[in-house]
Amino acid sequence: MTDPDQSPVEALEAIRKSREAVREAVRDPKGSTRYTLIYSTLAAVAVGGQILPAPFNILCSSGGAIGMALLYKGWADRTGVQISGVSPKKARWVAWGLGAVLVSLMLVAIWAGWHDQLWIGLPLTVVAFVAAWVGSRLWTKVFLAETRDR
Amino acid sequence: MRAPVFDPVIHAPGRLQICAILTEVDQAEFAMVRDAVEVSDSVMSKHVKQLEEAGYVAVSKVAAGGRQRTWLKLTSQGRAAFKTHVAELTRLAGIG
């Protein structure tokens, strides 16, 4: 805890140390690989499923969204922090960028489904998995770097 | 940009760390913050109450897994106050 008579330099150092607790939760060495794996799988199912006819495409997108919400809630309950992913500034761009990539892939899958180009489904699913994995890891890296530099 | 202002509510021992943690997240659980600040439940509750009364922190209680979890969130007023307080500390420290 801080000393009531601490100097401004000591107070700033106390702030830096306290923020490290959040960075440690985000780093989450035990759970981060499992989280990324589940997240990437859900993203891949949500994207690849769009090539399927109704109601399977809707099941894949809604199932993916519900799965991601449950994954996020489980992570928040375990670590004790809730971070939406759209802050701070640089990490926000990674989150928006990943979202844009996944939505674009979903649109390609929908287009492929309409035109009976079903062979595209598997490569799209793989690309979505890799994009979600890389994006998730990149977000963590950017978040940690950005919060460290403040 | 707001002028640097020293805020005694935020600067007090414990509350400075609580605000520092809450600026990094959307919400943080009471127990996580308490452990990070290294204070007892009662001391933590007292700090949270003072921050809540100042309008800096919002408290919500959510039932999860058969028990109640308390989540803390820095209000926009709290974020602004912490920002100007840190600016004042930085000025006093002669940094930046």
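Cut-offs applied
- Per chain, residues are indexed from 1 in the order of the written sequence.
- Think of it this way: whatever chain is written first is A, whatever ligand is written first is 1, and the rest follow in order.
- Local features in a predicted model are, by the rule used here, given only for residues with pLDDT of at least 70; side-chain atom pairs are given and counted only at 80 or more, and totals for whole chains, interfaces and linings are based on all residues.
- Under the scheme used here, helices are H or I runs from DSSP no shorter than 4 residues and strands are E runs no shorter than 2 residues, and both carry numbers assigned from the N terminus.
- Working rule for helices: expected span equals 1.5 Å times residues minus one.
- The exposure label follows from counting other C-beta atoms within 10 Å of a residue's C-beta, where the C-beta atoms are placed from the backbone and the thresholds are 20 or more for buried and 12 or fewer for exposed, leaving partly exposed in between.
- Remark: residues whose backbone-derived C-beta atoms lie within 7 Å of one another are considered to be in contact.
- All residues other than Ala, Val, Leu, Ile, Met, Phe, Trp, Tyr, Cys, Pro, Asp, Glu, Lys and Arg, Gly among them, are scored as polar; the first ten of these are nonpolar and the last four charged.
- The pairing criterion is simple: DSSP has to find at least two bridges between the two strands.
- A set of buried residues drawn from Ala, Val, Leu, Ile, Met, Phe, Trp, Tyr and Cys, joined through C-beta atoms within 7 Å, is what defines a nonpolar core.

### Things to note about helix α3 (residues 56-79) of chain A
All names here are of chain A. Taking 1.5 Å per residue as the helical rise, α3 with its 24 residues ought to reach 34 Å, and the 34 Å between its terminal C-alpha atoms agrees with that figure. Turning to α3, its buried residues are Cys60, Gly64, Trp75, Ala76 and Thr79. Looking at the buried positions of α3, the neighbouring elements they touch are α1 (8-27), α2 (32-48) and β1 (81-82). Positive backbone phi, at 85 degrees, marks Gly80, one or two positions downstream of α3.

### Observations regarding the interface of chain A and chain B
Opposite the 21 residues of chain A that make contact, chain B presents 26 residues. Taken together, the elements giving at least two residues each to the side of chain A that touches chain B come down to α1 and β1 of chain A. Looking at the side of chain A that touches chain B element by element, the count peaks at ten residues for α1 of chain A. Taken together, the residues of the side of chain A that touches chain B sort by class into twelve nonpolar, six polar and three charged. In the sheet, β1 of chain A pairs with strand β1 (residues 27-29) of chain B via two bridges, with the strands oriented antiparallel. Each bridged residue has a counterpart across the sheet, and for Val81 of chain A the counterpart in β1 of chain B is Ala28 of chain B.

### Observations regarding the nonpolar core
General note: in soluble globular proteins, nonpolar side chains tend to be found buried as a group. Val81 of chain A together with Cys19, Ile21, Leu22, Ala28 and Val33 of chain B are the most contacted members of the largest nonpolar core, which has 35 residues in total. Within the residue set of this core, elements represented by two or more residues are α1 and α3 of chain A together with α2 (15-23), α3 (30-37), α4 (41-53), β3 (67-74) and α5 (76-93) of chain B. Among all residues touching Ala28 of chain B, those that are not within four sequence positions of it are Gly80 and Val81 of chain A together with Ile21, Leu22, Val33 and Leu72 of chain B. Formed by 17 residues, the second largest nonpolar core is a distinct cluster that contains Leu42, Ala44, Leu105 and Met106 of chain A.

Limitation: the analysis is restricted to geometry and does not speak to function.
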